[in-house]
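Understanding the architecture of this molecule
The residues making up each chain are set out below.
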Amino acid sequence: MASISTRRLHKELSEIRTEGCPCGITLLNADNYETWFFSIEVLGESLYQGEVFKLMFRFDASYPISSPAVQFVVDQNSQAPVHPHVYSNGHICASILGTEWSPVLSVSAVCVTLQSMLASCKVKERPVDNDRYVRTAPDNPKKTRFQYDDDTV
């Protein structure tokens, strides 16, 4: 019998493959139920117009009860967006990935939320504690206790 996590991810992946992703979001790779990759682009006028970013979702056995670990990919081909809630290592400080997570949220919903976060940004800058955080950050952003105190950017 398949786990709740596997059944849910199978359902979400089937829907993505049948109905497609929301505009500006593309499934790049979902070869297993542990790690998925998406590209995300903000459509319309924004500070990020014409920029495409790569997102990585990592799922554990307790998904969807617990949130996936979501971060922007930072490697030789990809960079994290410069945003007040995105660290230069790709970690994202967003309550939807932490205290505001709900099992009714889907991978597509998270992508749209992050797309909206980028679209509404007024200034391209890193979080004030970026350098300190990146030096000491765990590999998995879910192991960080972010403080969510600014939802205006």
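Anyway, here's the lowdown on the structure attached to this text. Everything numeric here is computed off the predicted structure, so don't read it as measured data.

Residue position: Leu47 is located in the loop between β2 (35–41) and β3 (52–58). For Leu47 and His83, which are 36 residues apart along the polypeptide, the C-alpha to C-alpha distance reads 9.9 Å. Discounting residues that sit within four places of it in the chain, Leu47 has contacts with Cys121, Lys122, Val123 and Lys124.

The first and last C-alpha atoms of helix α2 (residues 107–119) sit 18 Å apart over 13 residues, in line with the 18 Å expected at 1.5 Å per residue. Of the positions making up α2, those classed as buried are Val107, Ser108, Val110, Cys111, Leu114, Gln115, Met117 and Leu118. Residues of α2 that are buried in the fold lie against α1 (4–19), β1 (25–29), β2, β3 and β4 (69–72).

Aromatic rings considered in pairs are described by the distance between their centres and by the relative angle of their planes. In the structure shown here, the tally under the stated rule is nine aromatic pairs. Note on Trp36 and Phe59: the rings are 5.0 Å apart at their centroids and 70 degrees apart in plane angle, and the pair reads as edge-to-face. Remark: Phe59 occurs in the loop between β3 and β4 and Trp36 occurs in strand β2; sequence separation between them is 23 residues. Taken individually, Trp36 and Phe59 each receive the classification buried, so the pair is uniform in this respect. Judged by centre distance (4.2 Å) and plane angle (40 degrees), the rings of Tyr87 and Tyr133 are tilted. In this pair, Tyr87 is assigned in the loop between β4 and α2 and Tyr133 in helix α3 (residues 130–136), connecting sequence segments 46 residues apart.

Rules used in this analysis
- Residues numbered from 1 in each chain as written.
- Predicted model: local features only at pLDDT ≥ 70, side-chain atom pairs only at ≥ 80, totals over all residues.
- Heavy atoms only, no water.
- Helix = DSSP H or I, 4+ residues; strand = E, 2+ residues; numbered from the N terminus.
- Contact = heavy atoms within 4.5 Å.
- Expected span 1.5 Å × (residues − 1).
- Buried < 20%, exposed > 50% of the residue type's maximum accessible area, 1.4 Å probe, protein only.
- Phe/Tyr/Trp six-rings, centres within 6.5 Å; stacked < 30°, edge-to-face > 60°.

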